Amino acid sequence: MASYIRQNKNDVDGWFDAVVNNGILFLNSSVSNLSTSPKSSLIDLYTAIELFFKARLMKEHWSLIISKPESAVKQKFESGDFHSVYLEQAHSRLKNICGENIKKEAMDNFKALGEHRNQIVHFAHTGFSGKETEVVIEHWASWFHLHELLTNHWWEIFECYQDSIDKIHVKVKSNHEFLKTKFDLIKDNIEIERKKGIRIVECTSCGLESARVLNSHSWGGEDIECLVCDVKDLKLRAIQTPIPCSNCNKEVEYFIVKDHRCTECQTELTSDYALEKYTQIYLDADPKGRYYDGTEPLAYCHNCKLEEPTVLNLEGIWICVECEDRGWTALDCENCGSFVTGDVDRIQYFACHRCEDDVMKLHEEEMQKYKAEVEVELSQALKQD
Ligand SMILES: [Zn+2]
Ligand SMILES: [Zn+2]
Ligand SMILES: [Zn+2]
Ligand SMILES: [Zn+2]
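Cut-offs used in this document
Residues numbered from 1 in each chain as written. Chains lettered and ligands numbered in written order. Predicted model: local features only at pLDDT ≥ 70, side-chain atom pairs only at ≥ 80, totals over all residues. Helix = DSSP H or I, 4+ residues; strand = E, 2+ residues; numbered from the N terminus. Buried ≥ 20, exposed ≤ 12 C-beta atoms within 10 Å, placed from the backbone. Contact = placed C-beta atoms within 7 Å. Axes fitted to C-alpha atoms, helices over the stretch in contact; angles between N-to-C directions. Left-handed = near helix turned anticlockwise from the far one by under 90°. Nonpolar A, V, L, I, M, F, W, Y, C, P; charged D, E, K, R; others polar. Pairing = 2+ DSSP bridges. Core = buried A, V, L, I, M, F, W, Y, C linked by C-beta atoms within 7 Å. Domains from an automatic or database assignment. Parallel < 35°, antiparallel > 145°, perpendicular 65-115°, else oblique. pLDDT = per-residue confidence, 0-100. Expected span 1.5 Å × (residues − 1). Arc of directions from axis to C-beta. Bend = angle between axes of the 7 residues up to and from the residue.

Undergrad: Is there a simple way to explain the overall build of the protein chain in this structure?
TA: A tally of helices and strands in the protein chain yields 11 helices and 10 strands. Referenced to the eigenvectors of the C-alpha coordinate spread, the extents of the protein chain come out at roughly 85 × 65 × 40 Å. Scored against the burial criterion, the 385 residues of the protein chain give a buried share of 27%. Across the protein chain, contacts joining residues at least 24 apart in sequence account for 47% of those joining residues at least 6 apart.

Now the structure itself:
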């Protein structure tokens, strides 16, 4: 937002709403113009990504979207008179100030799109004729990552806008035919990769059986790269252990089936029910074993922070049945004795999510006491002088 543009005076919420709506408009035009004007389509998509990053920052604090927050003046902000952050700046603020972890794959993709955008804007980008396929694919991959942020990672922040985001997603998906054509073209190559011993799995983005597994992690995640849509992503290995349907008793792969519905009778299994069933499976598989000391067989989840323990070990992976967060280790907090998930270092050297408020308070009290002591000493020393 350059300073020469006169803006209406807006409060912070009004600004947030305006920035998000602006992002949605750019997204929409980006999708609509993809085939008629691929250049402007990519520029619009990048603009939209930047706007959503700004909106996310604004939710933390309005001054964070100003390129130099130390010189932020609220009045100027409200009248739109300021220079705002670029994508990379926004990203490092999200990381350093809000403690947010955005997937590396997503950031790499956004940066690549940004470079492409700069080429188009600053130089006559001539490489487009006959490259429609590549443009559509680039568009697809960036939208995939942005969509995941908006509907998953940042869901709470953009909750009120999900309808518009869904509508755009439907439009983007209409390009799927296009990807299918590419899939048919490279089918033979995929077969060759398979014969070389490379695992090919379903792509998290386009859903085609065309993603190469680059690397497998012990906690059940795999780095993939799709040969059709070019998306690089982290794919979670599906936990297949089934539980019986609460209605018809058919075995249901709870973590895999859509909306946790029984494939036979369509009954939706609740997370409470699943927790009960999986706890049984977990205990049967491991009675008084590695994870069970007879008192606290399940761990407390630091992600959904429920009062009840909801994390158990299935197929060698710690997973929260409630929020389905996974990939963490479960360990005892030496401070409060809770069996919890979370960052190992943080729990060992500071506190777990269940006791961190208390530990913080204790630190503050000690700090206050120390300050008071110093003040007394100081005033006594001054008296003696
Ligand atoms: Zn794909
Ligand atoms: Zn059923
Ligand atoms: Zn959870
Ligand atoms: Zn603790």
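Text resumes after the structure shown.
Undergrad: Mind showing me how you'd approach the packing of helix H2 (residues 38–60) against helix H4 (residues 87–96) here?
TA: How two helices pack is summed up by the angle between their axes together with the distance between the axes. Where H2 contacts H4, the axes come no closer than 10 Å and their chain directions differ by 30 degrees. In terms of crossing hand, the pair formed by H2 and H4 is left-handed. From H2, Ile 49, Glu 50, Phe 53, Lys 54, Arg 56 and Leu 57 reach across to H4, where they touch Leu 87, Ala 90, His 91, Arg 93 and Leu 94. For the contact of H2 with H4, the residue count by class is 6 nonpolar, 1 polar and 4 charged.

Undergrad: Is there a simple way to think about the sheet that holds strand S1 (residues 200–201) in this case?
TA: What links the strands of a sheet is backbone hydrogen bonding, and the strands pair in either a parallel or an antiparallel sense. A sheet is described by the order of its strands in space; here 4 strands give the open sequence S1-S2-S3-S4, paired in antiparallel fashion. The strands lining the two open edges of the sheet, one partner per strand, are S1 and strand S4 (232–236). Two elements, strand S2 (residues 211–216) and strand S3 (residues 221–226), share 5 bridges in a ladder whose sense is antiparallel. Paired with Val 213 across the bridge in S3 is Ile 224.

Undergrad: Explain the nonpolar core to me, please; I cannot follow it from the model alone.
TA: One recurring pattern in soluble globular proteins: nonpolar side chains tend to sit buried together. With 49 residues, the main nonpolar core has Leu 45, Ala 48, Ile 49, Phe 52, Cys 203, Cys 226 and Cys 229 as its most contacted residues. When residues of this core are traced back to their parent elements, those giving at least two are helix H1 (12–32), H2, helix H5 (104–122), helix H6 (132–153) and S3. Looking at this core, the element that brings in the most residues is H2, giving 12 residues. The residues that make up this core include at least three from each of domain 1 (12–174) and domain 2 (179–236). Contacts of Phe 52, omitting those with residues within four sequence positions, involve Gly 23, Leu 146 and Leu 150. In this structure, Leu 275, Tyr 278, Val 311 and Ala 351 belong to the second largest nonpolar core, which totals 21 residues.

Undergrad: Just checking my understanding: could you explain the pairing of strand S9 (residues 329–332) for this structure?
TA: Where S9 meets strand S10 (residues 339–342), 4 bridges bridge the pair, whose relative direction is antiparallel. Directly across from Asp 332, in S10, lies its bridge partner Phe 339. Counted along the chain from S9 to the antiparallel partner S10, the turn is 6 residues long, and its residue Gly 337 has a positive phi close to 80 degrees.

Undergrad: Help me understand the packing of H2 against H5 in this model?
TA: Where H2 meets H5, the axes come as close as 9 Å, and the angle between the chain directions of the two elements is 130 degrees. As judged from the angle between their axes, H2 and H5 are oblique. In this structure, the crossing between H2 and H5 has a hand that is left-handed. When H2 is examined against H5, the residues Lys 39, Leu 42, Ile 43, Leu 45, Tyr 46 and Ile 49 are found in contact with a partner set consisting of Phe 110, Leu 113, Gly 114, His 116, Arg 117, Ile 120 and Val 121. Here the contact of H2 with H5 is built from residues that sort into 9 nonpolar, 2 polar and 2 charged.

Undergrad: What should I look at first to understand the domain arrangement of the protein chain in this one?
TA: Where interface size is quoted, it is often the accessible area lost as the parts come together. Partitioning the protein chain into domains gives domain 1 (12–174), domain 2 (179–236) and domain 3 (270–356). When each unit is reduced to the centre of its C-alpha atoms, the spacing between domain 1 and domain 3 is 36 Å.

Undergrad: Mind showing me how you'd approach the confidence of the model for the protein chain here?
TA: Note that predicted coordinates carrying low pLDDT should not be read in detail. In the predicted model, the protein chain carries a mean pLDDT of 86, and 92% of its residues have values of at least 70. Here helix H3 (residues 74–78) stands out as the least confident element of the protein chain, with mean pLDDT 76; strand S5 (residues 243–244) is the most confident, with 97. Predicted confidence for residues 1–5 stays below pLDDT 50, and this span has 6 contacts to residues more than four positions away or in other chains.

Undergrad: Just to check I follow, could you spell out helix H9 (residues 271–285) for this structure?
TA: The end-to-end C-alpha distance of H9 is 20 Å, a good match for the 21 Å that 15 residues give at a rise of 1.5 Å each. Considered for burial, the residues of H9 that qualify are Leu 275, Tyr 278 and Tyr 282. One face of H9 carries all of its buried residues, which in axial projection span an arc of 80 degrees. In H9, the exposed positions that point more than 90 degrees away from the buried face belong to Gln 280 and Asp 284. Summarising the contacts, the buried residues of H9 are in contact with S5 and strand S7 (311–314).

Undergrad: Please clarify how helix H8 (residues 176–195) should be interpreted in this entry.
TA: Helical geometry note: an α-helix holds 3.6 residues per turn, so side chains three or four residues apart project in the same direction. When the terminal C-alpha atoms of H8 are compared, their 27 Å separation across 20 residues agrees well with the 28 Å that a helix rising 1.5 Å per residue should span. The largest bend along H8 measures about 55 degrees and falls at Ile 186. Immediately beyond the C-terminal end of H8, within one or two residues, lies Gly 197, with a positive phi of roughly 95 degrees.

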